[in-house]
Amino acid sequence: MTDRTTAAPPPVLDVRDVTVRFAGLTALDGVSFTVTPGSVHALIGPNGAGKSTCFNVLSGLCRPAAGTVTLGGTELTRLAPHRIAVLGVARTFQNIVTTHGTVADNLMLGRHALTGAGFAATALRLPSAVREQREHLERAREIAELTGLGAHFDSPVALLPYGDRKRVELARALCLEPRVLLLDEPVAGMNAAERARTAEAVGELRAELGLSIVLVEHDMGLVMRLADDVTVLDFGRRIAHGTPDEVRQDPEVLRAYLGTDAPGEDAA
Ligand SMILES: Nc1ncnc2c1ncn2[C@@H]1O[C@H](COP(=O)(O)OP(=O)(O)OP(=O)(O)O)[C@@H](O)[C@H]1O
């Protein structure tokens, strides 16, 4: 059973001089930042700044024209997405919210990559396979508790409110036992109460699991509350980096957001 909750701190995730081009457009232009082990590192910027492209590079969906991404000493840049996931980098997607099966079904899908028992052993219900399934189910239940979904573990996802359904995605990613979690707009589309619950869950799981989190989010209230470090992108370039307080007052950031205004609470 792979359970990394008691493991050593996560390895450093290092993004170095990453450039991505789409036809004539430079979506990322020599972007660098380092995610300190156990920190929440927010990636912010106006629409089209390159945040999703950066996530796609980190999770292996997009190959950069130049630059590297390393986790500990391991280069991730040319690896397939499932290899990167197994190495400990899991992600959620901005717009994917499942409607199939129960919460438990979805979380067990998330455990799939960690399942050691082969198809035949599982189909024949060999004792080792049954035991392994039971352990995975227990761990899935713990993760549901941690993300505020414990009461809904056996509920069909389609019957849950939107905020809970979106948190199923978060829980499913956690079922991979990542050391680095990439959260792509985890509160998008949620109402105020759902946002607060999700923010609380992210804070708790970071404290409990000790993982590093890279957060892309337009809700600046959430970013300022949760992040230790903030990297600000604009037109594919890194224009600022620092603590939430530092970037909030950075003139380049003020210019990028709304002309001269600071990125205020809940600003897009
Ligand atoms: N597959 C693609 N083909 C062509 N251009 C793309 C592709 N993906 C992204 N882009 C362009 O790259 C730039 C960066 O887009 P990206 O989606 O990374 O920005 P973003 O910061 O995530 O924006 P948003 O906040 O709106 O999600 C944009 O100009 C976008 O139109």
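Being a predicted model, the structure only gives us computed values, none of them experimental.

Caption draft 1: Representation of the nonpolar core within the structure. Core analysis: the biggest nonpolar cluster contains 49 residues, and Leu107, Leu181, Leu205, Ile213 and Val232 have the highest contact counts within it. In this structure Val232 touches Ile44, Arg237, Arg238, Ile239, Ala240, Val247, Val253 and Tyr257, once residues within four positions along its chain are discounted. Core analysis: the second largest hydrophobic core is formed by 25 residues, Val15, Val35, Cys54 and Cys62 among them.

Caption draft 2: Inspection of the pattern of salt bridges at higher detail. Inspection of the entire model under this criterion finds 12 salt bridges. In this structure, Arg111 engages Glu177 in a salt bridge whose closest nitrogen and oxygen atoms are separated by 2.7 Å. On the criterion of sequence distance, the pair formed by Arg111 in helix α3 (residues 103–111) and Glu177 in the loop between α6 (162–174) and β7 (180–184) is long-range, its members being 66 residues apart. The salt bridge involving Glu169 is made with Arg172; its shortest N-O contact spans 2.6 Å.

Caption draft 3: The arrangement of the packing of α3 against α6 in detail. At a minimum axis distance of 7 Å, the contact between α3 and α6 shows a crossing angle of 35 degrees. Crossing of α3 over α6 shows right-handed handedness. Along the contact surface, α3 presents Val103, Asn106, Leu107 and Gly110, while α6 presents Val168, Ala171 and Arg172. A per-class count over the contact of α3 with α6 returns four nonpolar, two polar and one charged.

Caption draft 4: Main features of the packing of α6 against helix α7 (residues 192–209). α7 packs onto α6 with a crossing angle of 15 degrees between their chain directions and a minimal axis gap of 10 Å. It follows from the interaxial angle that α6 and α7 lie roughly parallel. When the axes of α6 and α7 are compared, the crossing they make is right-handed. Touching Tyr162, Gly163, Asp164, Arg167, Leu170 and Leu174 of α6 are Glu194, Arg197, Thr198, Ala201, Val202, Leu205 and Leu209, all from α7.

Basis of the calculations
Residues numbered from 1 in each chain as written. Predicted model: local features only at pLDDT ≥ 70, side-chain atom pairs only at ≥ 80, totals over all residues. Heavy atoms only, no water. Core = buried A, V, L, I, M, F, W, Y, C linked by side-chain atoms within 4.5 Å. Buried < 20%, exposed > 50% of the residue type's maximum accessible area, 1.4 Å probe, protein only. Contact = heavy atoms within 4.5 Å. Salt bridge = Lys/Arg side-chain N within 4 Å of Asp/Glu carboxyl O. Helix = DSSP H or I, 4+ residues; strand = E, 2+ residues; numbered from the N terminus. Axes fitted to C-alpha atoms, helices over the stretch in contact; angles between N-to-C directions. Left-handed = near helix turned anticlockwise from the far one by under 90°. Nonpolar A, V, L, I, M, F, W, Y, C, P; charged D, E, K, R; others polar. Parallel < 35°, antiparallel > 145°, perpendicular 65-115°, else oblique.

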